[in-house]
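Examining the three-dimensional arrangement
The residues making up each chain are set out below.
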Amino acid sequence: MTCNPLVDPADQRVPRIPPPCALTIFGVTGDLARRKVLPAIYDLANRGLLPAGFSLTGVARSPWTTQQFINQAHAAVTSGARTPFRQRVWEQLTASMAYVSGDIADPSTYAELRQALERSDRDFGTGANRAFYLSMPPSTFAPICGHLASSGLAQDSTAAKVVIEKPFGHDLASARALDATLAQVFDPSAIFRIDHYLGKETVRGMLATRFANQVFEPLWSHEYVDHVQITMAEEMGVGSRASYYDQIGATRDVMQNHLLQLLAITAMEGPGSFGAADLRRAKENALAAVRLAGQANDCAVRGQYTAGWQGNIAVPGYLDEPGIPGGSTTDTFGALKLEIATDRWQGTPFYLRTGKRLGRRVTEVAIQFSRTADQVRAGLETRYMGANALVIRIQPDEGITLRVGAKVPQTDMEVRDVTMDFSYGHAFTESLPDAYERLILDVLLSYDPLFPGAREVDESWRVIDPVEQHWASLGGPPDPYAAGTWGPAAADGLLRRDGREWRRP
Ligand code: BG6
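Just so it is clear, the structure is predicted and the values come from calculations on it, not from any experiment. (Residues numbered from 1 in each chain as written. Predicted model: local features only at pLDDT ≥ 70, side-chain atom pairs only at ≥ 80, totals over all residues. Heavy atoms only, no water.)

1. What about the confidence of the model for the chain?
Scored by pLDDT, the chain comes out at a mean of 92, with 96% of its residues at no less than 70. Note that residues 1-10 has pLDDT below 50 and, in this model, 14 contacts with residues that lie over four places away or in other chains. (pLDDT = per-residue confidence, 0-100. Contact = heavy atoms within 4.5 Å.)

2. Structural notes on the nonpolar core
Core analysis: the biggest nonpolar cluster contains 122 residues, and Ile25, Phe26, Ile41 and Phe186 have the highest contact counts within it. In terms of nonpolar packing, the next biggest core, distinct from the first, is built from 22 residues, Ala242, Ala335, Tyr481 and Leu495 among them. (Core = buried A, V, L, I, M, F, W, Y, C linked by side-chain atoms within 4.5 Å. Buried < 20%, exposed > 50% of the residue type's maximum accessible area, 1.4 Å probe, protein only.)

3. Brief notes about unusual backbone geometry
Across the junction of Lys166 and Pro167, the peptide omega takes the value -5°, indicating a cis bond. When you line up the elements, Pro167 lands in the loop between strand 5 (161-164) and helix 6 (172-185). Backbone torsion omega between Gln395 and Pro396 reads -20°, so that peptide bond is classified as cis. One can find Pro396 in the loop between strand 15 (389-395) and strand 16 (399-407). Located in the positive-phi region is Ser446, a residue other than glycine, with phi close to 55°. Within the secondary structure, Ser446 sits in the loop between helix 13 (435-445) and helix 14 (454-474). (Helix = DSSP H or I, 4+ residues; strand = E, 2+ residues; numbered from the N terminus.)

4. Digging into the site of the ligand
The local shell around the ligand holds 14 residues, among which Tyr197, Lys200, Glu234, Asp253 and Gln395 are the closest. In the model, an oxygen atom of the ligand is placed 2.5 Å from a nitrogen or oxygen of the Glu234 side chain. Between Asp253 and the ligand, the recorded distance is 2.6 Å, taken from a side-chain N or O atom to an oxygen atom. When residues in the shell around the ligand are grouped by element, the largest group, three residues, is from helix 8 (residues 242-267). When its residues are assigned to classes, the shell around the ligand shows four nonpolar, three polar and seven charged. (Near = heavy atom within 4 Å. Polar contact = N/O pair within 3.5 Å; in protein donor to acceptor, adjacent residues only side chain to side chain. Nonpolar A, V, L, I, M, F, W, Y, C, P; charged D, E, K, R; others polar.)

5. Some points on the sheet that holds strand 1 (residues 21-26)
As summarised here, the arrangement of the six strands in space is 3-2-1-4-5-6, forming an open sheet in which the pairing is parallel. Of all the strands in the sheet, just strand 3 (97-101) and strand 6 (191-193) have a single pairing partner and so form its edges. Shown here is a sheet whose adjacent strand axes are inclined to one another by a mean of 15°, direction ignored. Bridge analysis of strand 2 (residues 54-60) against strand 3 gives five bridges, and the strand direction is parallel. From the neighbouring strand, Gly58 faces strand 3, where its bridge partner is Tyr99. (Pairing = 2+ DSSP bridges. Axes fitted to C-alpha atoms, helices over the stretch in contact; angles between N-to-C directions.)

6. Some words on helix 4 (residues 107-124)
The end-to-end C-alpha separation of helix 4 is 25 Å, in line with the 26 Å expected for 18 residues at 1.5 Å each. Where helix 4 is concerned, the buried positions are Thr109, Tyr110, Leu113, Ala116, Leu117, Ser120 and Asp121. Along the axis of helix 4, the buried residues cluster in a sector spanning 140°; they form a single face. Turned more than 90 degrees away from the buried face of helix 4 sit Pro107, Arg122 and Asp123, all of them exposed. Where helix 4 is buried, its residues meet strand 1, strand 2, strand 3, strand 4 (130-134) and helix 5 (141-150). Its side-chain oxygen placed 2.9 Å from the backbone nitrogen of Ser108, Asp106 serves as the N-cap of helix 4. Positioned one or two residues after helix 4, Gly125 has a phi angle of 65°, which is positive. (Expected span 1.5 Å × (residues − 1). Arc of directions from axis to C-beta.)

7. Concerning the pairing of strand 15
Two faces make up the sheet, and in a regular strand the side chains alternate between them. Where burial is concerned, most of strand 15 is hidden: seven out of the seven residues are buried. Alignment of strand 14 (residues 362-369) against strand 15, held across six bridges, turns out to be antiparallel. Residue pairing in the sheet places Ala366 in a bridge with Val391 of strand 15. For strand 15 and strand 16, the ladder comprises five bridges, and the chain directions are antiparallel. Bridge pairing in strand 16 links Ala389 to Arg403.

8. Observations regarding the environment of Phe369
Note on placement: Phe369 falls in strand 14. Overall, Phe369 belongs to the buried group, its relative accessible area being 9%. Filtering out sequence-adjacent residues up to four positions away, Phe369 remains in contact with Leu219, Tyr224, Val225, Asp226, Ala387, Asn388, Ala389 and Leu390.

Next up, the structure:
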């Protein structure tokens with residue numbers, strides 16, 4: 001039987017129900033758990049995708065009872081879930097919910113958790129199949145895993161899994177140290193490094209666009225592509241995450257993971273198959289070939305937002321946000337010029353940028369093609385025509401735009417830019433699942449193609465470390481940019497020096 005490598009066995013439309021499992025969320029009172037993880041778990045329950053033997057245990061410092069946890073989870077689910085609220089589903093889910101209040105550094109927290117999980121095995125048939133989701137700051141990952149091991153919670157069980165949020169470490173050395181700690185406790189196949197961008201339908205769709213279409217793949221190289229721009233822009237500021245964000249900054253928060261993963265998927269060679277091992281190898285090889293396109297000073301820009309306007313709302317600067325220490329030098333904007341040392345991409349720069357409080361919320365990958373040769377265009381009036389571009393809109397307004405030139409009617413041969421547009425919303429009736437829903441289900445199923453492997457993480461830090469070291473050596477504040485704009489002037493300079501401009505998404 002031949003196998004179509006584009007068919008993902010997990011995508012069969014027959015629902016995949018995981019085996020019985022006890023899911024524990026550390027940091028369950030935090031922003032991520034409330035906004036994303038709890039609503040996703042409810043949506044899975046509502047869609048009938050959780051096993052009958054399932055329990056959900058929250059761990060955090062707040063001195064709540066289980067009932068208070070359930071009340072908070074209810075608020076999170078009613079405001080964040082994508083599927084309608086159904087009392088029957090909610091009651092089923094809450095019946096298995098428990099809360100453990102405690103400090104993650106205190107062994108008694110794990111003793112209490114152990115009792116809760118043993119109760120779960122007894123009452124809900126979760127069968128010592130445990131998944132621990134660490135929705136916590138990176139500095140806590142290693143100590144929590146140490147305690148899971150010493151309390152026997154991970155080692156006793158036949159199938160303990162751990163889900164680690166990004167960023168995985170804060171540089172290459174700490175990522176490797178964390179790997180070593182995890183390896184003492186968990187089997188490599190039980191470690192799920194989460195990067196929720198890989199769970200986005202549109203990011204997975206990029207693979208199909210590239211490899212299923214004969215029309216794109218032959219053009220996908222330095223011969224036809226002038227440069228690539230990857231943008232992840234957010235309107236929101238640091239919000240209620242000051243204590244996390246100020247330790248991390250934009251470059252570690254999203255450039256090291258989400259943006260470099262988008263780059264890897266854009267730049268990689270065709271994988272042998274779309275199974276976990278081949279896909280990972282293709283991304284690893286792409287990331288291993290990524291270089292800063294020069295000295296950090298010349299190809300990296302950092303910024304920090306100052307007061308400005310988001311639409312018609314006046315918003316404070318980063319330093320005036322609640323919880324941000326005066327004089328913080330944390331980057332809320334980062335831009336990089338990278339190159340990829342492969343035959344396919346020699347001489348084609350990849351520009352990456354991300355920031356909070358930018359002009360609008362948008363994530364896109366724009367492949368900017370070279371212009372056709374002058375002699376080919378001779379006789380055409382192309383003054384008002386830009387270069388062709390393929391823009392993959394990851395979010396919002398998910399879809400793909402191809403910008404090409406077309407003759408303006410009733411002119412002699414004047415050519416202007418027009419767009420050919422595909423939008424998921426128009427083309428498909430199926431809705432786009434939430435990334436966390438997909439990824440949590442994959443963890444419960446032990447299905448891991450969408451989770452970055454250790455080497456991908458290492459290669460990403462290898463790119464980012466010199467930039468962070470350079471910025472640390474400079475000290476001083478990042479370049480300012482007013483909230484609601486598209487970043488500091490130096491970011492424009494990064495492209496202008498090369499005779500290029502950032503797209504205005
Ligand atoms: C997270 C970052 O990984 O991604 C946040 O930690 C950011 O700072 C978020 O706001 C954005 O996710 P999305 O899916 O809304 O683009």
